[in-house]
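A closer look at the structure
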Amino acid sequence: MSGVARRTVVAAGGAGLASAALAACGGTNAEGDGGTGGADGAAEAPLAKTGDIPVGGGKVLADRGIVITQPKAGEFKAFSSKCTHQGCAVSEVKDGVIVCPCHQSRFDMSDGSVTSGPATSSLPPEPIEVKGDEISFG
Ligand code: FES
């Protein structure tokens, strides 16, 4: 009789310890993987390839908040894509100017200056870095 009682106590204790160990491991892994992977990907992802930016034109990267232009072959410029008039996102680079669709302000693709209003301030420049054929935030 006393032998049976002892085995029952040991089995219950073992199951309790195993559950506690599993719960601790699961929590630690989930937090570590999520935080590290997300931060690295956002900071280091290139903005564009040099071949994506047409000479004498440009490309608006709305999700990154930037417009990249190539006024002359091999010369890349970048500006905030947020219009200085009322904050709309500029939509395209056409005929040498960056165009805001909201009230038709236009900005020079070489220096971001206003070529026609209603905006009165230039698009702020954004630092970029060209390495090989990749363009990234500088
Ligand atoms: S918000 Fe761009 S022209 Fe008005």
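Where an unreviewed UniProt entry is consulted, the protein chain appears under the name Cytochrome bc1 complex Rieske iron-sulfur subunit, with the organism given as Streptomyces omiyaensis. Here is the UniProt Cofactor (unreviewed entry) comment for the protein chain, exactly as written: "[2Fe-2S] cluster".

Looking at the overall build of the protein chain
Check the secondary structure of the protein chain and you find one helix and 10 strands. Counting from the amino terminus, helix and strand elements in the protein chain follow one another as α-β-β-β-β-β-β-β-β-β-β. Per-residue burial over the protein chain gives 24% buried out of 138 residues. Counting only contacts in the protein chain whose residues sit at least 6 apart along the sequence, the fraction spanning at least 24 positions is 36%.

As for the pairing of strand β10 (residues 134–137)
With two bridges joining them, strand β1 (residues 48–49) and β10 adopt antiparallel strand pairing. Across the sheet, the residue bridging to Lys49 is Glu134, located in β10. Note that strand β9 (residues 128–131) and β10 share four bridges and pair antiparallel. Residue Ile128 lies in a different strand from β10, and its bridge partner there is Phe137. Taking the residues between adjacent antiparallel strands as the criterion, β9 and β10 are bridged by two residues, where Gly132 takes a positive phi near 60°.

Side note on the side chain of Gln70
Structurally, the position occupied by Gln70 is in strand β3 (residues 66–72). Judged by relative accessible area, Gln70 falls into the buried class, the value being 6%. Reaching out from Gln70, the side chain makes a polar contact with the backbone oxygen of Ile53 at a distance of 2.6 Å. Apart from the residues within four sequence positions on either side, Gln70 is in contact with Thr50, Ile53, Pro54, Val55, Gly56, Gly57, Glu75, Phe76 and Met109.

Comments concerning the state of the cysteines
Evaluation of the coordinates by the stated rule reveals one disulfide. In this model, Cys88 is linked to Cys102 through a disulfide, with the two sulfur atoms separated by 1.9 Å. Because the torsion about its S-S bond is -95°, the bridge between Cys88 and Cys102 counts as left-handed. Placement of the pair is Cys88 in the loop between β4 (75–80) and β5 (92–94) and Cys102 in the loop between β6 (97–99) and β7 (106–108), with a sequence separation of 14 residues. Since its relative accessible area comes to 22%, Cys88 is described here as partly exposed. Residue Cys102 is classed as partly exposed on the basis of its relative accessible area, which comes to 36%.

Rules of the game
Residues numbered from 1 in each chain as written. Predicted model: local features only at pLDDT ≥ 70, side-chain atom pairs only at ≥ 80, totals over all residues. Heavy atoms only, no water. UniProt positions renumbered as here; feature names shortened; annotations may be inferred. Helix = DSSP H or I, 4+ residues; strand = E, 2+ residues; numbered from the N terminus. Buried < 20%, exposed > 50% of the residue type's maximum accessible area, 1.4 Å probe, protein only. Contact = heavy atoms within 4.5 Å. Pairing = 2+ DSSP bridges. Polar contact = N/O pair within 3.5 Å; in protein donor to acceptor, adjacent residues only side chain to side chain. Disulfide = S-S within 2.5 Å.

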